[in-house]
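Take a look at the letters that make up each chain.
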Amino acid sequence: MADHPTKRRFLQTGLRVARLKEAVRKKGGPRRTRPPALGRPRLRLPIAAVLVAGFGSLMLLAVASVLVLGLVSASRNTFALLNDRADLALSGVEVRIRNQLNPARDMARFVTGLMERGELDPADSRSLQDTLRGALAGAPDVTGIAFFHPDRTGLRADRLGNQLHIGREDLRHEPELGPELRNGSDRTTAVWADPLWSKEAGTSFVTLFQPVRRNGTYLGQVVVGVSLGDLSRFLSTLYVEQGLNAFVLFDRQHVLAHPSLAGMKFDFSTKTDGPPLPRIDQVADPALAALWQTGQPVDALKKRVEGRLVNVLDEDYLFLMRSMAGYGQQDWIIGISFRANEASAEVRRLYTTGLAGLGILLISVAVALIVGRRISTQVAHLAEAADHVRTFDFRAIDELPDSRLRELARANSAFNAMVAGLRWFETYVPKALVLRLMHRRGGLTSFQSEEREVTVMFTDIRGFSRMAEHMGAADTAALLNEHFTLLANCIEAEGGTVDKFIGDAIMAFWGAPEEQPDHAARALRAAHAITRAVREGNRRRAAEGLPAIRVRIGLHSGPVVVGNIGSASRINYTIVGDTVNVAARIEELASALQGDEEVIVLSSAATAFQGDGAAPLDCVGDRTLRGRNGTTEVWRVTLDGDGGDGAGAVRGWGRGGRGGVPPPPLFFNTVAGGPEGKERFRGGRIARKRKENGEKCVQHA
């Protein structure tokens with residue numbers, strides 16, 4: 001009994017320990033973990049292998065996806081490729097057919113123009129016969145041409161074989177005439193008629209009817225025909241090497257032209273139902289005969305192209321067609337046909353090319369990544385130099401260094417040579433003009449010509465030919481260079497553009513490419529500056545024992561066409577128009593008025609009135625210019641006095657103004673002391689009474 005309490009306490013203590021362990025386990029207490037097994041290495045992969053494997057698997061997945069999608073859409077791709085090829089082929093057929101038929105239209109316009117201008121009298125049978133024969137001889141694509149008077153009689157010229165035949169026509173008693181011939185007097189434009197049968201030629205024609213009028217009077221019609229047999233012979237040689245068969249349908253049942261028709265003969269003289277054309281089942285083309293009966297529509301992908309697949313004798317033929325307008329009341333159908341198996345061959349070649357291109361692309365990308373860092377610096381230098389070229393800052397470009405890469409070495413060498421050439425080139429092309437064009441048009445290289453109000457200047461050295469006879473070539477060139485530099489500086493200082501150097505003359509203008517509302521004033525100030533500069537230069541020449549340079553200057557303001565004018569290989573930014581001619585004639589007039597003066601500047605009234613008192617002007621009066629009717633009012637720039645205090649712009653005077661412009665207040669003075677009535681701009685205001693009386697500038701010596 002003594003051991004019983006001890007045993008009981010021991011059991012109670014064990015029970016409490018068990019309960020404590022259970023509570024600790026439920027509260028997430030720490031557990032003892034198993035130590036890792038010894039001798040088991042951790043897998044460590046190189047990053048290069050990971051990148052290669054990762055990008056390789058992604059590329060493989062992408063390429064596989066593209067290939068699967070490509071195979072699924074192979075049929076659509078087939079017709080897409082064929083459609084591109086067909087569109088080009090159909091465009092070629094259309095262009096060549098139009099080139100075959102358009103000479104008929106050009107011939108009709110030519111003969112019609114002769115009659116309308118009165119160069120050819122339709123009543124003169126001999127002249128008309130020669131004209132028709134000559135026109136037909138010069139256009140081998142045209143089969144015949146005729147002219148019909150309003151009474152339906154006329155002359156015709158035909159091409160039969162290699163011979164040209166001339167004959168008379170009388171259709172007054174023909175019971176059946178087309179509306180194109182009957183209603184010629186009701187039309188003003190040419191029309192193409194539906195095909196007509198010619199019994200004499202044994203073939204059908206497409207015919208153009210061109211009415212002729214002179215001074216509103218109807219003279220008759222020029223009729224030009226093209227044989228459909230010629231069209232078929234033309235198509236028989238088209239796209240033969242490509243395996244394509246081209247054709248032209250008048251409608252869904254009749255054939256206008258087909259290669260097989262070149263060797264076939266038909267007689268439609270008794271045919272009354274439909275046009276005088278063979279049906280599609282009469283052509284030696286079984287696939288074409290079954291086109292509309294058994295042909296299955298296919299997706300052509302382009303709305304204007306219609307596709308049909310025809311099976312003939314276990315062979316599939318693909319037809320691609322579209323309409324062509326312009327040669328009759330209804331549109332024609334032009335088309336091509338070829339074996340369908342040729343399309344699959346093209347697709348297979350496309351797949352091969354695509355795979356090869358993919359491989360080349362991957363290699364190119366890899367090589368580009370390797371060499372990119374090496375060439376980036378050199379490319380940056382090249383780009384920086386090109387930036388200087390863009391701003392025409394050639395002097396700031398350093399010579400590019402050589403490179404170990406052959407292409408870059410060549411590019412750098414070529415660029416250095418180009419810059420050296422451009423440094424010479426900028427001496428021949430007005431740099432300021434090019435920069436203004438770039439800024440005005442945002443850097444565009446071409447733009448349309450436009451009409452602009454400008455002032456034109458012509459200068460010329462008086463007696464230069466006699467002066468040059470006693471000078472060597474080098475001295476002559478040095479004299480001209482010095483003279484042109486002197487004048488060009490004065491012109492460009494006023495914002496003018498030196499258009500060209502013509503022998504010892506300069507042509508310049510103001511008002512383009514930039515808008516210059518004061519273009520006339522700028523030109524007058526430039527002429528005034530040239531006068532001072534030439535006189536100063538002559539004083540230096542006199543000190544050196546050299547003869548004086550005598551200069552004539554002509555100015556005129558008015559509208560011109562300004563823009564890029566020239567040939568496809570070379571253009572100039574220049575001006576053309578009557579204003580240029582008048583300025584040149586005024587400069588010529590100065591030779592008769594210059595006398596012994598070193599410089600004479602003549603201006604038209606238009607420039608004088610728009611000059612706004614920019615330079616002192618004397619009135620010369622109305623003068624006749626060479627090659628022009630009537631007279632032109634001329635003013636002369638003088639050097640003495642201050643020409644900058646003029647009050648305002650003079651627009652002209654005389655009764656009713658000049659050029660339809662009402663005369664505003666006038667700002668010129670009359671200088672007393674001479675019976676010639678010499679007048680000069682000096683900034684004062686003349687009495688309005690003189691303007692109301694309609695007085696004009698008085699001529700003086």
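The rules behind the values
Residues numbered from 1 in each chain as written. Predicted model: local features only at pLDDT ≥ 70, side-chain atom pairs only at ≥ 80, totals over all residues. Heavy atoms only, no water. Salt bridge = Lys/Arg side-chain N within 4 Å of Asp/Glu carboxyl O. Buried < 20%, exposed > 50% of the residue type's maximum accessible area, 1.4 Å probe, protein only. Helix = DSSP H or I, 4+ residues; strand = E, 2+ residues; numbered from the N terminus. Pairing = 2+ DSSP bridges. Axes fitted to C-alpha atoms, helices over the stretch in contact; angles between N-to-C directions.

A.B. asks: Please clarify how the pattern of salt bridges should be interpreted in this entry.
C.D. replies: Pairing is possible between side chains of opposite charge, provided their charged atoms come close. According to the stated counting rule, one finds 24 salt bridges in the structure shown. A salt bridge links Arg-156 to Asp-158; the nearest nitrogen and oxygen atoms lie 2.0 Å apart.

A.B. asks: Hey, could you run me through the pairing of strand S7 (residues 245-249) in this one?
C.D. replies: Residues in a regular strand project their side chains so that they alternate between the two faces of the sheet. Across the five residues of S7, four count as buried, placing the element largely inside the fold. Across five bridges, the pairing between S7 and strand S12 (residues 332-339) is antiparallel. Within S12, the position partnered with Phe-247 by the bridge is Gly-335. Where S7 meets strand S8 (residues 255-257), two bridges bridge the pair, whose relative direction is antiparallel. Within S8, the position partnered with Leu-249 by the bridge is Val-255. Connecting S7 to the next strand, S8, in antiparallel fashion are five residues.

A.B. asks: Looking at this structure, I do not really get the sheet that holds strand S9 (residues 296-298). What am I missing?
C.D. replies: Sheet strands pair by backbone hydrogen bonding; their relative direction is either parallel or antiparallel. If you walk across this open sheet you meet the six strands as S8-S7-S12-S11-S10-S9, and the pairing is antiparallel. Lying at the two open borders of the sheet, with one neighbouring strand each, are S8 and S9. Mean inter-strand twist for the sheet, computed between neighbouring axes without regard to direction, equals 35°. In the sheet, strand S10 (residues 306-312) pairs with strand S11 (residues 315-324) via seven bridges, with the strands oriented antiparallel. Note on S11: the bridge partner recorded for Arg-308 is Phe-319.

A.B. asks: Help me out: how do you make sense of the sheet that holds strand S6 (residues 217-227) in this one?
C.D. replies: One open sheet holds the six strands; their spatial order is S3-S2-S1-S6-S5-S4, and the pairing between them is antiparallel. Both edges of this open sheet fall to strand S3 (163-170) and strand S4 (191-198), since each of them pairs with a single strand only. With strand direction ignored, the average angle separating the axes of adjacent strands in the sheet is 20°. In the sheet, strand S2 (residues 153-160) pairs with S3 via eight bridges, with the strands oriented antiparallel. When the bridges of S3 are listed, Arg-156 appears paired with Gly-167.

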